[in-house]
Amino acid sequence: MIKFAGLSKIYPDGVQALQDVNLEIQKGEFVVLLGSSGAGKSTLLRCINGLVKPTQGKIEINGIQIGAENNCSLRKLRRQVGMIFQQFNLVRRLRVLDNVLCGRLSYSPVWSSCCRFFPRQDVKLAMSCLERVGLKEKAYQRADQLSGGQQQRVGIARALAQQPEILLADEPVASLDPKSSRSIMETLLEINHQDKITVIVSLHDVELAMKYARRVVGICDGQVVMDRPITQVGEKELEDIYGERPANKETGGAGLFREIEYACALSRVN
Ligand SMILES: Nc1ncnc2c1ncn2[C@@H]1O[C@H](COP(=O)(O)OP(=O)(O)O)[C@@H](O)[C@H]1O
Ligand SMILES: [Mg+2]
């Protein structure tokens, strides 16, 4: 379980990116963080893998607090938590297979990763991860020869090679066309189902959130303004708030964002 308690982050320039976030995410959940640009989604995800240090509050993963650790447990944390990025963050001139092997770095002694020596079983694992995302035949190509959707699949394979318990995806489809976006979301869902890995995805696309989320956490101005299962995001809530039923399914999606903005406006007033 991941537990956020009173989490706040103020960046050195004074920007308050997170404000008193309290959340519990159970093992094996598929959660979408939904919010517009600047809401605080990336900051929240980065707090989970230790890339951003909270100003206040704490995060626990399986009862162990992040941030209070020494180098050794930070390494363990990085192993536990895989990350997928909007811009893929691949080493473009390296082969696809080498990029996936980067997911094994936290398991290797420093000397072996310095000279890019990986044990045979790591190479086997990396190939099986590539097979899972349908890119085994691309293993020996340079990463920058692949399409955007394929590069993101390499990013997923790299994260899988890490054998993480938690997978964080920060706007993983924001740079992709609609078809590739759906296919990446389906792959993440499949990994969540098959491997029981907890998946937390940040999105700003409401339609995608409606289609794939199991639980939606709405973020606005660094605050959690909505948290509920997708089955409870629907016409009824919109009717309660706006006194009208959305005309069709599409407005249900747009309504979700409106609902988040509405909750956000309320929290500003209070
Ligand atoms: N490294 C940083 N230094 C200063 N401000 C930052 C930094 N990273 C993000 N911010 C600010 O924090 C707020 C939340 O940003 P972010 O977490 O990136 O939101 P999102 O991912 O939802 O777009 C924004 O106002 C952003 O400008
Ligand atoms: Mg972001």
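1. Focus on the overall build of the protein chain
Line of reasoning, step 1. Each helix and strand in the protein chain was counted, giving 10 helices and 10 strands.
Line of reasoning, step 2. Of all 270 residues assigned to the protein chain, the portion counted as buried reaches 49%.
Line of reasoning, step 3. Carbon and sulfur atoms provide 50% of the accessible area of the protein chain, an area that totals close to 13,300 Å².

2. Here we look at the pattern of salt bridges
Line of reasoning, step 1. In total, this model carries 9 salt bridges according to the counting rule given.
Line of reasoning, step 2. The shortest N-O distance in the salt bridge between Lys58 and Glu60 comes to 3.4 Å.
Line of reasoning, step 3. With a closest N to O distance of 3.2 Å, Arg104 and Asp122 form a salt bridge. You can see Arg104 sitting in the loop between α3 (96-101) and α4 (110-114) and its partner Asp122 sitting in helix α5 (residues 120-132), a full 18 residues away along the chain.

3. Some details on the site of ligand 1
Line of reasoning, step 1. All residues in the neighbourhood of ligand 1 are listed as Tyr11, Asp13, Val15, Ala17, Ser36, Ser37, Gly38, Ala39, Gly40, Lys41, Ser42 and Thr43.
Line of reasoning, step 2. Contacts to ligand 1 include Ser42, whose side-chain N or O atom sits 2.8 Å from an oxygen atom.
Line of reasoning, step 3. Against a free-state accessible area of 560 Å², the protein chains account for coverage of 62% of ligand 1.
Line of reasoning, step 4. No other element matches the 3 residues that helix α1 (residues 41-48) contributes to the shell around ligand 1.

4. Digging into the packing of α5 against helix α6 (residues 148-161)
Line of reasoning, step 1. Two elements in contact, α5 and α6, have axes whose closest approach is 9 Å; the angle formed by their N-to-C orientations is 135°. Viewed along their axes, α5 and α6 adopt a mutual orientation that is oblique. As for how α5 packs across α6, the hand of that crossing is right-handed. In this structure, α5 contributes Leu125, Cys129, Leu130 and Arg132 to the contact, and α6 contributes Ala157, Leu160 and Ala161.

5. Quick word on the sheet that holds strand β2 (residues 16-25)
Line of reasoning, step 1. With antiparallel pairing, 4 strands are arranged side by side in an open sheet as β2-β1-β4-β5. Pairing within the sheet leaves two strands with one partner each, and these edge strands are β2 and β5 (64-65).
Line of reasoning, step 2. In terms of strand pairing, strand β1 (residues 2-10) meets strand β4 (residues 56-61) through 5 bridges, oriented antiparallel. Within β4, the residue paired with Phe4 across the bridge is Ile59.
Line of reasoning, step 3. Taken strand by strand, α1 contacts β1, β2 and β4, and its axis lies near 60° from that of β2.

6. Some details on the environment of Val224
Line of reasoning, step 1. Along the chain, the position of Val224 falls in strand β10 (residues 223-229).
Line of reasoning, step 2. Expressed as a C-alpha distance, the spacing of Val224 and Gly40, which sit 184 residues apart in the sequence, is 9.7 Å.
Line of reasoning, step 3. Aside from chain neighbours lying at most four places away, what touches Val224 is Val21, Leu23, Val217, Gly218 and Ile219.

7. Description of the confidence of the model for the protein chain
Line of reasoning, step 1. Taken over all residues, the pLDDT of the protein chain has a mean of 86, while the share at 70 or more is 85%.
Line of reasoning, step 2. Between residues 237-251, whose pLDDT stays under 50, and residues either more than four places distant or in other chains, the model counts 22 contacts.

8. What about unusual backbone geometry?
Line of reasoning, step 1. Unlike most non-glycine residues, Asn62 shows phi in positive territory, near 45°.
Line of reasoning, step 2. Structurally, Asn62 is set in the loop between β4 and β5.
Line of reasoning, step 3. You can call Asn62 partly exposed: its relative accessible area is 42%.
Line of reasoning, step 4. Unusually for a residue other than glycine, Gln163 sits at a positive phi of about 50°.
Line of reasoning, step 5. Mapped onto the fold, Gln163 is located in the loop between α6 and β7 (166-170).

9. A short note on the packing of α6 against helix α7 (residues 178-195)
Line of reasoning, step 1. Put simply, α6 and α7 touch, their axes get as near as 10 Å, and they point 15° apart. Between α6 and α7, the interaxial angle falls into the category roughly parallel. For the crossing formed where α6 meets α7, the hand is right-handed. From α6, Gly149, Gln152, Arg153, Ile156 and Leu160 reach across to α7, where they touch Ser180, Ser183, Ile184, Thr187, Leu188, Ile191 and Asp195.
Line of reasoning, step 2. Class assignment of the residues belonging to the contact of α6 with α7 gives a composition of 5 nonpolar, 5 polar and 2 charged.

10. So, the pairing of β4
Line of reasoning, step 1. Relative to β5, β4 runs antiparallel, the two being bridged by 2 bridges. Each residue of the ladder has a partner; that of Glu60, found in β5, is Gln65.
Line of reasoning, step 2. Adjacent in sequence and paired antiparallel, β4 and β5 are bridged by 2 residues, among which Asn62 carries a positive phi angle near 45°.

Rules behind the numbers
- Residues numbered from 1 in each chain as written.
- Chains lettered and ligands numbered in written order.
- Predicted model: local features only at pLDDT ≥ 70, side-chain atom pairs only at ≥ 80, totals over all residues.
- Heavy atoms only, no water.
- Helix = DSSP H or I, 4+ residues; strand = E, 2+ residues; numbered from the N terminus.
- Buried < 20%, exposed > 50% of the residue type's maximum accessible area, 1.4 Å probe, protein only.
- Areas by Shrake-Rupley, 256 points an atom, 1.4 Å probe, with all protein chains shown as cover.
- Salt bridge = Lys/Arg side-chain N within 4 Å of Asp/Glu carboxyl O.
- Near = heavy atom within 4 Å.
- Polar contact = N/O pair within 3.5 Å; in protein donor to acceptor, adjacent residues only side chain to side chain.
- Axes fitted to C-alpha atoms, helices over the stretch in contact; angles between N-to-C directions.
- Parallel < 35°, antiparallel > 145°, perpendicular 65-115°, else oblique.
- Left-handed = near helix turned anticlockwise from the far one by under 90°.
- Contact = heavy atoms within 4.5 Å.
- Pairing = 2+ DSSP bridges.
- pLDDT = per-residue confidence, 0-100.
- Nonpolar A, V, L, I, M, F, W, Y, C, P; charged D, E, K, R; others polar.

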